[in-house]
Every structure is written in structure tokens, then in C-alpha cells.
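Reading the structure
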Amino acid sequence: MLIKPLCTIALLALPLFGSAQDNNNISLSSQSQSAALVSDELVSQLDVTNEFTQQELLTSEAQHRIKQFAGQLKSALVTAIKEQGLAHAVNVCHERAPQIAQELSTDGWRVARTSLKTRNDVNKPDQWELETLKDFDRRFKGGTAASQLTASLTGPEQYRYMKAIPTDQVCLACHGSSVDADLSASINRMYPNDIAIGFTLEDIRGAFTLSKQINE
Ligand code: HEC
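Fair warning: this is a prediction, and the values are worked out from it, not measured in the lab.

Now for the site of the ligand. Near the ligand, the surroundings consist of 26 residues, among which A89, C93, C171, C174 and G206 are the closest. Residue assignment for the shell around the ligand shows that the elements contributing at least two residues are helix 4 (51-84), helix 5 (86-103), helix 7 (169-175) and strand 4 (204-213). For the shell around the ligand, the element with the most residues is helix 5, which contributes 7 residues. For the shell around the ligand, the per-class residue count stands at 13 nonpolar, 8 polar and 5 charged.

Moving on to the packing of helix 5 against helix 8 (residues 181-190). For any two helices packed against each other, one specifies the crossing angle of their axes together with the interaxial distance. Their axes nearest at 10 Å, the elements helix 5 and helix 8 cross at an angle of 25°. It follows that helix 5 is roughly parallel to helix 8 by the angle criterion. Viewed along their axes, helix 5 and helix 8 form a crossing whose handedness is right-handed. Seen from helix 5, the contacting residues are L86, A87, V90 and H94; seen from helix 8, they are L183, S186, I187 and M190. Taken together, the residues that form the contact of helix 5 with helix 8 break down as 6 nonpolar, 2 polar and no charged.

So, on to the sheet that holds strand 2 (residues 150-154). Backbone hydrogen bonds hold the strands of a sheet together, and the pairing may be parallel or antiparallel. Taken together, 4 strands build an open sheet; the order of strands is 1-4-3-2 and the sheet is antiparallel. Each edge of the open sheet is held by one strand with a lone partner, namely strand 1 (109-114) and strand 2. On average, each strand axis in the sheet is inclined to that of its neighbour by 15°, with strand direction left out of account. Bridge count between strand 3 (residues 158-166) and strand 4: 9 bridges; the pairing is antiparallel. Considered in strand 4, the bridge of K163 is made with F208. Of the strands in this sheet, strand 1, strand 2, strand 3 and strand 4 are in contact with helix 6 (residues 127-141), which crosses strand 4 at around 140°.

Attention now goes to the pairing of strand 2. Note that strand 2 and strand 3 share 5 bridges and pair antiparallel. Bridge pairing in strand 3 places T150 opposite K163. Between strand 2 and the antiparallel strand that follows it, strand 3, lie 3 residues.

Turning our eyes to something else, we now look at the environment of E202. With respect to the secondary-structure elements, E202 resides in the loop between helix 8 and strand 4. For E202, a count of 14 C-beta atoms within 10 Å corresponds to the partly exposed category. For E202 and Q169, which are 33 residues apart along the polypeptide, the C-alpha to C-alpha distance reads 8.4 Å. Discounting residues that sit within four places of it in the chain, E202 has contacts with A146, P166 and T167.

To continue, consider the confidence of the model for the chain. For the chain, per-residue confidence averages 83 on the pLDDT scale, and residues scoring 70 or more make up 75% of the total. Note that pLDDT drops below 50 for residues 1-38; the model gives that stretch 47 contacts with residues more than four away or on any other chain.

Okay, unusual backbone geometry next. One non-glycine residue, D107, adopts positive backbone phi at about 55°. With respect to the helices and strands, the residue D107 is situated in the loop between helix 5 and strand 1.

Moving on: helix 5. A rise of 1.5 Å per residue sets the reference length of helix 5, with its 18 residues, at 26 Å; its end C-alpha atoms lie 24 Å apart and thus fit the reference within 8%. Buried within helix 5 we find A89, V90, A97 and A101.

What follows covers the environment of S115. Within the fold, S115 resides in the loop between strand 1 and helix 6. The exposure class assigned to S115 is buried, which follows from the 23 C-beta atoms found within 10 Å. As a C-alpha pair, S115 and A164 span 49 residues in sequence and 9.1 Å in three-dimensional space. Once you skip the residues sitting within four places of it in the chain, S115 turns out to touch N123, A196, R205 and G206.

Counting buried positions along strand 4 yields 9 of 10 residues, so the element is predominantly enclosed. Of the pairings in the sheet, the one linking strand 1 to strand 4 comprises 6 bridges and is antiparallel in character. From the neighbouring strand, R113 faces strand 4, where its bridge partner is F208.

Parameters at a glance
Residues numbered from 1 in each chain as written. Predicted model: local features only at pLDDT ≥ 70, side-chain atom pairs only at ≥ 80, totals over all residues. Near = placed C-beta within 6 Å. Helix = DSSP H or I, 4+ residues; strand = E, 2+ residues; numbered from the N terminus. Nonpolar A, V, L, I, M, F, W, Y, C, P; charged D, E, K, R; others polar. Axes fitted to C-alpha atoms, helices over the stretch in contact; angles between N-to-C directions. Parallel < 35°, antiparallel > 145°, perpendicular 65-115°, else oblique. Left-handed = near helix turned anticlockwise from the far one by under 90°. Contact = placed C-beta atoms within 7 Å. Pairing = 2+ DSSP bridges. Buried ≥ 20, exposed ≤ 12 C-beta atoms within 10 Å, placed from the backbone. pLDDT = per-residue confidence, 0-100. Expected span 1.5 Å × (residues − 1).

What follows is the structure in C-alpha cells.
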């Protein structure tokens, strides 16, 4: 029963983790090097046993992209608030959030955010996202922390993954129950249908939602 562990090792050696940002010549050259480490014999074994492992790899890749999205957005947000104040930070969310999502949507992946209560209509959930967000809500009410909630779906052509986003202290200024009146007015000018307010600390603010086309 060495096949599964061997395949796992072989698969981990494969360059499937290429992130949006290392999609350049450097990662291409390291790809060919690591691909050369996988023997033909192992590659044929992969065909029969890699279904489960493939799913694990997709999950890791999704989690990796989420880490980048969350990290980049939060640092842009915190810097903007510190250097130019909350009113300016609204523009950062408005412009940078979709931009970072776009930058991470490479190699068949689509990276976005959604919520049961959205600020921007384009982030409204589709059917699977809606059901998943409701399920997150139920699990949250049952005692699971927002940071622990994830879900995935593997279809014949598409892999999907969602991870709940907890509400931090810094989020409350723009998504809490007592948003400053001027700030609230400027948010409403930009987002007339905004319902993304009234959240409290550690609430589920929404979720990262990712999908990847898995057959060409
Ligand atoms: C300075 C104000 C501001 C702060 C602080 C802020 N947001 Fe937002 N948030 C916005 C704006 C503006 C949008 C709409 C972005 C867009 O157009 O895609 C938004 C959208 C979102 C969305 C996408 C879903 C939706 O409602 O359209 C999520 C999820 C979200 N914010 C989570 C957070 C979290 C988590 C924090 C804290 C780490 C946070 N926000 C802090 C202003 C803010």
C-alpha cells in the first residue's frame, strides 16, 4: 500500500501551487525542474489514485489564494486608514478589493467575495453561495467560530471553495452598528443598495468564494 503515499509525494512535487504572483519566468523554470523529478511510473500511478489527492491540492491552492487576498486587502486597508483616514479607505475598498480579486483570478481560478448582506450588488451570492452562507450561519449559531467555516464542491467541470470572513475590530468602522454619519453618507452615495452594516465583532461578515475550471 505504498502507492497512495508515493503518489502524494509525487503530486506534491508537481508544480500545481503556482500562485497568481509567481506566474513568471522564475516559476516556469522551477516547474520544469520539479516535473523532471517525477518518474513515468509514478505518473501512471497518479492517474488511478489521484482523485482524492487532486481535491486536496485544489483546496490548498484555494486557501493559498485566499491568504493572499486577505493579506493584501487588509494591509491596504490598514495603511489607508492610518495615513489618510476612513473616508479615503472607502475608496481603497472600492478600487483595490475588486482589483486584487482580479489579479488573483488566474489559471482558471475566479476569486471573489460575497455575503448575505452585501454592500456592492456585484458581490451578491449565487445559489450555491447562498446555501453555503446560510449553512455557515447555522454552524456559527451552533458554536463554530467564523474563522473555522469552510465548504467545497467538486463538480465534473468545476471545483468551488468558500471560507467565511470573520468581522475584526477594524471592519466595524464601515460595517458596524454605529458608522459615523458623514462616512455613512459617502458610502451610501457610492452604494445606494448597501446593507452591509450592523455587524458585530467576530460575526461572519461574508466569505471568500473561489472557483476553478477543472476540465479543459
Ligand atoms: C473604510 C471602510 C471599510 C472598512 C474599514 C472595511 N470595509 Fe468591507 N467594504 C467596504 C466597501 C466600500 C466595500 C465594497 C467594495 C466593492 O465595491 O467591492 C466593502 C465590501 C466588503 C465585502 C464584500 C461583500 C460586500 O458587502 O459587497 C466584504 C466581505 C467586506 N467588505 C469585509 C470587510 C472586512 C472583513 C473588513 C475588516 C477586515 C472590512 N470589510 C472593512 C468598506 C470597508
